[in-house]
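Here is what each chain is made of, one letter per residue.
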Amino acid sequence: MNKLFTFLETKLMPPLNKVANLRFIRAIMQAGIITVPFTIVGSIFLIINNLPQIIPPLAPFFENTILKFAPIYSVATTMSIGSIAIFYCLATAYYLTDIYRKEENDGLSSFVGAILGLFAFLMTIVQTDITDGGAKLIQSESETSIIYNGIALGGWITRFSGVGIFIGIITAVIATQIYRFCVKKNITIRMPEGVPDGVSKAFASLIPAIFITFVMLFINTILAIFHTDLHGLLSKPFEFVKELTGSWLGIIVIMLLIHLLWAVGVHGTAVIKNSFINPILLVALTENVNGGTNIFAGDFINMYIFIGGAGSTLGLVLLMIFVAKSDQLKVLGKAAVLPGLFNINEPVIFGAPIVYNPYLIIPFIVTPLINVTIAYFASSVGFVNKVTTGIPWISPVGIGAFLGTGGDFRAVLIAFINLAVSVVCYYPFFKMYDGKLYGEQMSAIESN
């Protein structure tokens, strides 16, 4: 075990810490956190739309009452989940500019950075093509969507949804770097003192906005010559990542990376899941709502794997409450059970602790791998429905699985099987650790 931690500390920890501390990674992590309320709000109304599937006997009642007002309340979902790329772009540009402002003290404005980032992203929305020596706006129509005057429309502007998150992040970074360059080189308009702050910021953003305009137009023009654009250019790598997340082995790799990061004290959920995986899950969920069959979609992770949080630690908390002999773990279990029911487990990870704890780190890494295997194959063989509804990540065990699958009681069974698996996996390691703490406790009492 010492060799394992020596390896983690000397070989794995340094490069992972470097990645986690990159400025744009930190900005993306913050952006992911700030968008959580919007996904929860949108998920609430997605659940309402799925009430007939959740409670089939009451389907006629819902269809004749609340669902008649779906065009009104569905606006909340459209403008939250359906516009998530806008929030990601704004937040990434804001936080990245803010990081530069604080660490380099170069006179940047976080607000201006956010607005410029959004402007750069909006420059990628309209689809154009260059043929026969001229440019034209793309027009097309299919059964599910249309492209009108270059803008892809479904129920809303398609590129504002999860499919646009990656481009939103990229354009936010580009715009921030151009803005930073202009300020550093003093290529900006500085108003005299006494001019209102709003007016100063407006003129300070003018020249960077001009630079961003020409850069984005140049990119759009070059790509239009090849009959594509930024979204289309990045679709192939995106599909590759999507294929990875659609396979059992790919999900195993993702879970392993998340928990290895946690093991060495890095917030693996924020670095891997919130920053890179959630956008893919949102796209997969959208496809499932429209008839897709993606297994890894929506909140699949919180429904079946993160039972009690990363590492499926709710089983460990239950062992603390009902099995522990040491006062330390008994008290911690009682304090951690309520947050654990809502998939919040920082009290356990840092309180037990699990980080750098040779007794608990093995089940912390292994349990999610077993859980994802059970849930993946249960979904792939059709034992449970695919995820068709977004749910809040804080949904308790069983409830989230039930709602996320459109009211499939078999999903509840899988969730509780995974909870039982977590209890079994943690038990032998927990007994060793609890015995050690209890021995220390008794020794302290005797010495006193």
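Residues numbered from 1 in each chain as written. Predicted model: local features only at pLDDT ≥ 70, side-chain atom pairs only at ≥ 80, totals over all residues. Heavy atoms only, no water.

1. Side note on the nonpolar core
With 63 residues, the main nonpolar core has Met 255, Phe 300, Tyr 304, Ile 354 and Phe 364 as its most contacted residues. Apart from residues lying up to four places away in sequence, Tyr 304 is in contact with Asn 371, Ala 375, Val 384, Ala 401, Thr 405, Ala 411, Ile 414, Ala 415 and Asn 418. (Core = buried A, V, L, I, M, F, W, Y, C linked by side-chain atoms within 4.5 Å. Buried < 20%, exposed > 50% of the residue type's maximum accessible area, 1.4 Å probe, protein only. Contact = heavy atoms within 4.5 Å.)

2. Here's the deal with the sheet that holds strand S5 (residues 151–153)
Two strands in a sheet stick together by hydrogen bonds in their backbones, pointing the same way (parallel) or opposite ways (antiparallel). Pairing in this open sheet of 3 strands is antiparallel, and the strands run S3-S4-S5 from one edge to the other. One side of each edge strand has no neighbouring strand; the edge strands of this open sheet are strand S3 (140–141) and S5. Of the strand pairs in this sheet, S3 and strand S4 (residues 146–148) are connected by 2 bridges, and their pairing is antiparallel. Residue pairing for S4: Glu 141 is matched across the bridge by Ile 146. (Pairing = 2+ DSSP bridges. Helix = DSSP H or I, 4+ residues; strand = E, 2+ residues; numbered from the N terminus.)

3. Side note on unusual backbone geometry
Even without glycine at this site, Asn 149 takes up a positive phi of about 50 degrees. Inspection of the secondary structure assignment puts Asn 149 in the loop between S4 and S5. The exposure class assigned to Asn 149 is partly exposed, which follows from its relative accessible area of 33%. Non-glycine residue Asn 186 carries a positive phi angle of around 60 degrees. Positionally, Asn 186 belongs in the loop between helix H9 (165–184) and helix H10 (197–204).

4. Things to note about helix H20 (residues 361–380)
For H20, which comprises 20 residues, the first-to-last C-alpha distance of 29 Å matches the rise-based estimate of 28 Å (1.5 Å per residue) to within 8%. The positive-phi residue at the C-terminal boundary of H20 is Gly 382, with phi of around 85 degrees. (Expected span 1.5 Å × (residues − 1).)

5. Points about the packing of aromatic side chains
In this structure the tally under the stated criterion is 9 aromatic pairs. Measuring from ring centre to ring centre gives 6.2 Å for Phe 121 and Phe 160, while their planes differ by 40 degrees; the resulting arrangement is tilted. On the criterion of sequence distance, the pair formed by Phe 121 in helix H8 (residues 110–122) and Phe 160 in the loop between S5 and H9 is long-range, its members being 39 residues apart. Both residues of the pair, Phe 121 and Phe 160, belong to the buried class. With a centroid separation of 5.3 Å and 85 degrees between ring planes, the pair formed by Tyr 376 and Phe 377 is classed as edge-to-face. (Phe/Tyr/Trp six-rings, centres within 6.5 Å; stacked < 30°, edge-to-face > 60°.)

6. Quick notes on the pattern of salt bridges
Pairs can form between side chains of opposite charge whenever their charged atoms are close. For the structure on display, the rule yields 10 salt bridges. Two residues, Glu 104 and Arg 23, come together in a salt bridge whose shortest N-O distance is 3.0 Å. Placement of Glu 104 in helix H7 (residues 84–104) and of Arg 23 in helix H2 (residues 23–34) is noted, with a sequence separation of 81 residues between them. By relative accessible area, Arg 23 is classed as partly exposed at 27%. For Glu 104, the salt bridge goes to Lys 184, with nearest N and O atoms at 3.8 Å. Placement of the pair is Glu 104 in helix H7 and Lys 184 in helix H9, with a sequence separation of 80 residues. (Salt bridge = Lys/Arg side-chain N within 4 Å of Asp/Glu carboxyl O.)

7. As for the pairing of strand S2 (residues 134–137)
The pairing of strand S1 (residues 128–131) with S2 spans 4 bridges and is classified as antiparallel. If you follow Thr 128 over to S2, its bridge partner there is Leu 137.

8. Quick notes on the packing of H7 against H9
At a minimum axis separation of 8 Å, H7 and H9 run at an interaxial angle of 30 degrees. Classified by the interaxial angle, the pair formed by H7 and H9 is roughly parallel. Crossing of H7 over H9 shows right-handed handedness. In contact with Ile 84, Ala 85, Tyr 88, Cys 89, Thr 92, Ala 93, Leu 96, Thr 97, Tyr 100 and Glu 104 of H7, H9 contributes Ile 165, Gly 168, Ile 169, Thr 171, Ala 172, Val 173, Thr 176, Gln 177, Tyr 179, Arg 180 and Lys 184. Taken together, the residues of the contact of H7 with H9 break down into 12 nonpolar, 6 polar and 3 charged. (Axes fitted to C-alpha atoms, helices over the stretch in contact; angles between N-to-C directions. Parallel < 35°, antiparallel > 145°, perpendicular 65-115°, else oblique. Left-handed = near helix turned anticlockwise from the far one by under 90°. Nonpolar A, V, L, I, M, F, W, Y, C, P; charged D, E, K, R; others polar.)

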